[in-house]
Amino acid sequence: QVQLVESGGGLVQAGGSLRLSCAASGVIFKINAMGWYRQAPGKQRGLVAAITSAGSTNYADSVKGRFTISRDNAKNTVYLQMNSLKPDDTAVYYCNAGVVDIATMEVRGYWGKGTLVTVSS
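Each chain carries its own residue numbering, running from 1 in the written order of its sequence. In keeping with the predicted nature of the model, local features appear solely for residues at pLDDT of at least 70, side-chain atom pairs appear and are counted solely at 80 or more, and the whole-chain, interface and lining totals rest on all residues. Values shown for side chains rest on all heavy atoms present in the structure; no hydrogens or waters enter the calculation.

Okay, unusual backbone geometry next. One non-glycine residue, Asn-76, lies in the positive phi region at around 50°. Mapped onto the fold, Asn-76 is located in the loop between β7 (67-72) and β8 (77-82). Burial here depends on accessible area, computed with a 1.4 Å probe over protein chains only, as a share of the maximum for the residue type. Under 20% is buried, over 50% is exposed, and the range in between is partly exposed. Here Asn-76 falls in the partly exposed class, since its relative accessible area comes to 23%. Phi is positive for Ser-84, close to 50°, though the residue is something other than glycine. Note on placement: Ser-84 falls in the loop between β8 and β9 (91-100). A run of H or I in DSSP counts as a helix once it spans at least four residues, and a run of E counts as a strand once it spans at least two, with each numbered from the N terminus.

Our next topic: the layout of surface pockets. Space inside and on the surface of the protein is sampled on a 1 Å grid over the protein atoms alone, with a cavity defined as a set of points where a 1.4 Å probe fits but cannot get out and a pocket as an open set with protein on both sides within 12 Å along at least 5 of 7 lines; lining residues have an atom within 4 Å of a point. Grid points are joined across faces, edges and corners, and a volume is the space filled by probe spheres set on the points. Here the largest pocket defines a volume of roughly 200 Å³. As for the largest pocket, its lining consists of 15 residues, of which Arg-38, Ala-40, Lys-43, Gln-44 and Asp-88 are closest to the centre. Considering each element in turn, the lining of the largest pocket owes the most residues, three residues, to strand β5 (residues 46-51). Amino acids outside the nonpolar list (Ala, Val, Leu, Ile, Met, Phe, Trp, Tyr, Cys, Pro) and the charged list (Asp, Glu, Lys, Arg) are all regarded as polar, and Gly is one of them. Here the lining of the largest pocket is composed, by residue class, of seven nonpolar, five polar and three charged. By volume, the second largest pocket amounts to about 170 Å³. In terms of lining, the second largest pocket is formed by Gln-1, Val-2, Val-27, Ile-28, Phe-29, Val-99, Val-100, Asp-101, Ile-102, Arg-108 and Tyr-110. Residues belonging to the lining of the second largest pocket are distributed by class as follows: eight nonpolar, one polar and two charged.

Structure follows, in structure tokens:
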């Protein structure tokens, strides 16, 4: 079983910065893509940023130029550096990882429990 644990959320003023971390633990053969999603009250969960095992990245238009995703493959950890935060960035941020099952070579998606980011105006 694989577990993802997020950390780094909190309350910050508009224009401030936060850095989220997500560490995967358990029996892990390989992790393909890792990503961050967010869900604001009354809205659907959506992609914020994703990164492949090779380091290719993808961002939602709303965070381009402000957020940076990175990962440490040796530590099975993904990060999200968030700068110039806006009140609209307020949401629960979830980590996602595509983990390869060594027995079947199938990829299974795992989710963390989320970390709350609140940006005050």
